[in-house]
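As a plain string of letters, each chain reads:
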Amino acid sequence: MTTPIETTASAADEPGAVAPGAPAERIEGRSLGRIAWTRFKRDKAAMAGGVVVILLILLAVLAKPIESWFGLSPDALHQDLLDADLGGLPTGNFGGMSGSHLLGVDPVLGRDLLSRIIEGSWVSLLVAFGATVLSNTIGTVLGVVAGYYGGWVDAVISRIMDTFLAFPLLLFAISISASLQAGAFGLHGLPLHLAVLIFVIGFFNWPYMGRIVRGQTLSLREREFVDAARSLGARGPFILFKELLPNLVGPIIVYSTLLIPTNILFEAGLSFLGVGIQPPQASWGGMINDAIKYYQVDPEYMVVPGLAIFVTVLAFNLLGDGLRDALDPRSN
């Protein structure tokens, strides 16, 4: 026969037993978003990339106020800081760096490099984000339609994707940008250049997103929740936009963070070739083009915009890799 003391002791020793009078711990379930955030926080490189991306976005959004607060002007000329005997090179070391011009000034014109880097940030990010939104919108809609309906719809959309992928995009972008420099669609100057770059980069890059969404949709359309929606009488458009698209948010976000740095490089390349953003508007690619004549004398003029592009692209790539691992750990 077991005594009361032995019964109490044995009950207290059982796993998961709660002592009398002790508050019971509440077990809370975690959402998929919280689980992904926990995984993402463990990736220090991705967290660092995310912080840099946030700072870059703030820099681009607040470019004009920052220039006003610190008295910076990307187009102001400082001819007094140039040495005519040296062919218009800035006086002093490292491109004329000083307390007033932390990154120096450019040759011949004497414009502040720091203010031009800040000014070029919003141009690069605006083109990259705008082109990414355009390509993602087209690619997502056509990809989910092709993957869900299949048959001749899938065949037609897939052949359209193949056609777009066969375009020599760089040559096509150069020809379109060069032919529209004078004006088109009632736009002139900087608004025209931005619109042309966003259209060219975004419109011809959508097949990459379309293929990813199509592949994901092919696997999702056979899942139980889609069959349940059909059995309840849901039609195709409802299933596409209410059932399938919410489950494609993760891949779309991940691919977007990897597509943005590609678009930044594309914009910089077109500006470097002289068919993108036109002077006097500052752009990172245009600044590298201007530095070609002087990089042997002082490489600082090329290092500054090149480093800005490098840091931006690296930060977005680290963020994209971290988001991919967090949202889909099986990808490892």
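Structure report, in brief. (Residues numbered from 1 in each chain as written. Predicted model: local features only at pLDDT ≥ 70, side-chain atom pairs only at ≥ 80, totals over all residues. Heavy atoms only, no water.)

1. Overview of the overall build of the protein
Thinking step 1. When its secondary structure is counted, the protein shows 14 helices and two strands.
Thinking step 2. Residue burial in the protein is summarised as follows: out of 332 residues, 41% are buried.
Thinking step 3. Partitioning the intrachain contacts of the protein with sequence separation of at least 6 by distance along the chain shows that 73% fall at a separation of at least 24. (Helix = DSSP H or I, 4+ residues; strand = E, 2+ residues; numbered from the N terminus. Buried < 20%, exposed > 50% of the residue type's maximum accessible area, 1.4 Å probe, protein only. Contact = heavy atoms within 4.5 Å.)

2. A short note on unusual backbone geometry
Thinking step 1. The peptide bond linking Pro279 to Pro280 adopts the cis configuration, its omega dihedral lying at 10°.
Thinking step 2. Secondary-structure assignment places Pro280 in the loop between α12 (249-272) and α13 (284-290).
Thinking step 3. Residues other than glycine seldom take positive phi values, yet Val108 does so here, at roughly 70°.
Thinking step 4. Topologically, Val108 is positioned in the loop between β2 (89-90) and α5 (113-149).

3. Concerning the side chain of His78
Thinking step 1. The residue His78 is located in the loop between α4 (63-69) and β1 (82-83) in this model.
Thinking step 2. In this structure the side chain of His78 is engaged in a polar contact, spanning 2.9 Å, whose partner is the backbone oxygen of Gly110.
Thinking step 3. Excluding residues that lie within four positions of it along the chain, His78 makes contacts with His101, Leu109, Gly110 and Asp112. (Polar contact = N/O pair within 3.5 Å; in protein donor to acceptor, adjacent residues only side chain to side chain.)

4. Some details on the side chain of Ser158
Thinking step 1. Structurally, the position occupied by Ser158 is in helix α6 (residues 151-165).
Thinking step 2. Looking at Ser158, its side chain comes within polar contact range of the main-chain oxygen of Asp154, at 2.7 Å.

5. Brief notes about the packing of aromatic side chains
Thinking step 1. Evaluation of the coordinates by the stated rule reveals 13 aromatic pairs.
Thinking step 2. Considering the side-chain rings of Phe129 and Phe316, the 6.2 Å spacing of their centres and the 70° angle between planes classify their relative orientation as edge-to-face. Placement of the pair is Phe129 in helix α5 and Phe316 in helix α14 (residues 300-327), with a sequence separation of 187 residues.
Thinking step 3. Phe129 sits in the partly exposed class, given a relative accessible area of 31%.
Thinking step 4. Here Phe172 and Phe204 contribute two aromatic rings whose centre-to-centre distance is 4.9 Å and whose plane-to-plane angle is 70°, an arrangement assigned as edge-to-face. Placement of the pair is Phe172 in helix α7 (residues 169-179) and Phe204 in the loop between α8 (189-203) and α9 (206-220), with a sequence separation of 32 residues.
Thinking step 5. Under the relative-accessibility criterion, Phe172 is labelled partly exposed at 27%.
Thinking step 6. Taken together, the ring pairs in this structure connect Phe164, Phe167, Phe172, Phe199, Phe203, Phe204 and Trp206 into an aromatic cluster. (Phe/Tyr/Trp six-rings, centres within 6.5 Å; stacked < 30°, edge-to-face > 60°.)

6. A few points about the packing of helix α3 (residues 44-61) against α14
Thinking step 1. One can describe the packing of α3 onto α14 by two numbers: an axis separation of 7 Å at closest approach and a directional angle of 130°. One way to sum up the angle between α3 and α14 is to call them oblique. Between α3 and α14 lies a crossing of left-handed hand. Where α3 abuts α14, its residues Ala45, Ala46, Gly49, Gly50, Val52, Val53 and Leu56 lie against Val311, Thr312, Ala315, Phe316, Leu318, Leu319 and Gly322.
Thinking step 2. Split into classes, the residues belonging to the contact of α3 with α14 amount to 10 nonpolar, four polar and no charged. (Axes fitted to C-alpha atoms, helices over the stretch in contact; angles between N-to-C directions. Parallel < 35°, antiparallel > 145°, perpendicular 65-115°, else oblique. Left-handed = near helix turned anticlockwise from the far one by under 90°. Nonpolar A, V, L, I, M, F, W, Y, C, P; charged D, E, K, R; others polar.)

7. Describing the pattern of salt bridges
Two side chains carrying opposite charge are able to pair once their charged atoms lie near each other.
Thinking step 1. Under the defined criterion, the tally for this structure stands at 10 salt bridges.
Thinking step 2. Taking the shortest distance from any N to any O, the salt bridge between Arg116 and Asp75 comes out at 3.6 Å. With Arg116 in helix α5 and Asp75 in the loop between α4 and β1, this pair connects stretches of sequence that are 41 residues apart.
Thinking step 3. We classify Asp75 as partly exposed; its relative accessible area is 43%.
Thinking step 4. We note a salt bridge from Arg324 to Asp321, for which the minimum N-O separation is 3.4 Å. Of this pair, Arg324 and Asp321 both sit in helix α14, three residues apart, roughly one helical turn. (Salt bridge = Lys/Arg side-chain N within 4 Å of Asp/Glu carboxyl O.)

8. Examining the packing of α5 against α9
Thinking step 1. Running from amino to carboxyl end, α5 crosses α9 at an angle of 35°, the nearest separation of the two axes being 7 Å. The two elements α5 and α9 cross, and the hand of that crossing is right-handed. When α5 is examined against α9, the residues Ser135, Asn136, Ile138, Gly139, Thr140, Leu142, Gly143, Val144, Ala146, Gly147 and Tyr148 are found in contact with a partner set consisting of Trp206, Met209, Gly210, Val213, Arg214, Thr217 and Leu218.
Thinking step 2. A breakdown of the residues in the contact of α5 with α9 according to their chemical character gives nine nonpolar, eight polar and one charged.

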